Amino acid sequence: MIDKDLLKSTVEEWLADTPMFLTDLTVSPDNTIVVEVDSDDSVDIEACAALTRRIEEVFDRDAEDYSLEVGSAGITSPFKVRRQYLRNIGNDVELLTRDGRKVRGTLVAVADGEADAPTVFTVETPVKVKEPGAKKPVVRMEPQQFSSDECKYVRYDLKF
């Protein structure tokens, strides 16, 4: 079985001097390794290939057979780590709460917190409000605070 702690430290060590960061790492019982990275800038194929080579240097395929997939978090992938929330401040997001509410709005703030703790964030959502005496309702942006552990997913809201 692949040593997940050694794998994680190998990946994080390689990423340390880059704008990239680890978002997810899984090792299945049949030694299928999936490493997902993201970046403050972009993740290119050369970076994924270089990270793959580094992992293969540390984990000898002759000693233990495994399959390895290294890729970037896609634009439609849910946010998994705090740093993804931080880099998306000002962007439109979509989230689904555990009680089934779908919310769309602009991510405006991320509260300070520990890397391992749930991420607390604020989304401004459009709300129609009927002012007293007005004929038509007006749309106001109202902040709503959420925690990542109360959401099934939070992701970038793609609009075409």
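One can find the structure itself at the top, above this paragraph.
Residues numbered from 1 in each chain as written. Predicted model: local features only at pLDDT ≥ 70, side-chain atom pairs only at ≥ 80, totals over all residues. Heavy atoms only, no water.

Below, the discussion takes up the nonpolar core. One recurring pattern in soluble globular proteins: nonpolar side chains tend to sit buried together. Ranked by internal contacts, the top residues of the largest apolar core, which has 19 residues, are Leu-7, Val-11, Ile-33, Val-35, Leu-51 and Ile-55. Elements supplying a minimum of two residues to this core: helix H1 (4-15), strand E1 (20-27), strand E2 (32-39), helix H2 (45-58) and strand E3 (67-72). With near-sequence residues (within four places) excluded, Ile-33 lies in contact with Ile-2, Leu-7, Thr-26, Val-27, Tyr-66, Ser-67, Leu-68 and Glu-69. Val-103, Phe-121, Val-123 and Val-154 belong to the second largest nonpolar core, which has 12 residues in total. (Core = buried A, V, L, I, M, F, W, Y, C linked by side-chain atoms within 4.5 Å. Buried < 20%, exposed > 50% of the residue type's maximum accessible area, 1.4 Å probe, protein only. Helix = DSSP H or I, 4+ residues; strand = E, 2+ residues; numbered from the N terminus. Contact = heavy atoms within 4.5 Å.)

Turning next to the pattern of salt bridges. Across all of its chains, the model carries 13 salt bridges by this definition. A salt bridge links Glu-36 to Lys-80, with the shortest nitrogen-to-oxygen separation between them at 3.1 Å. Here the residue Glu-36 occupies a position in strand E2, and Lys-80 occupies one in the loop between E3 and helix H3 (82-87), the gap between them amounting to 44 residues. Under the relative-accessibility criterion, Lys-80 is labelled partly exposed at 39%. Two residues, Glu-57 and Arg-54, come together in a salt bridge whose shortest N-O distance is 3.0 Å. One end of the pair, Glu-57, and the other, Arg-54, are both in helix H2, 3 residues apart, so they sit about a helical turn from each other. (Salt bridge = Lys/Arg side-chain N within 4 Å of Asp/Glu carboxyl O.)

Let us look at unusual backbone geometry. Despite not being glycine, Asn-31 shows a phi value in the positive range, around 65°. Here Asn-31 is to be found in the loop between E1 and E2. The exposure class of Asn-31 is buried, given its relative accessible area of 8%.

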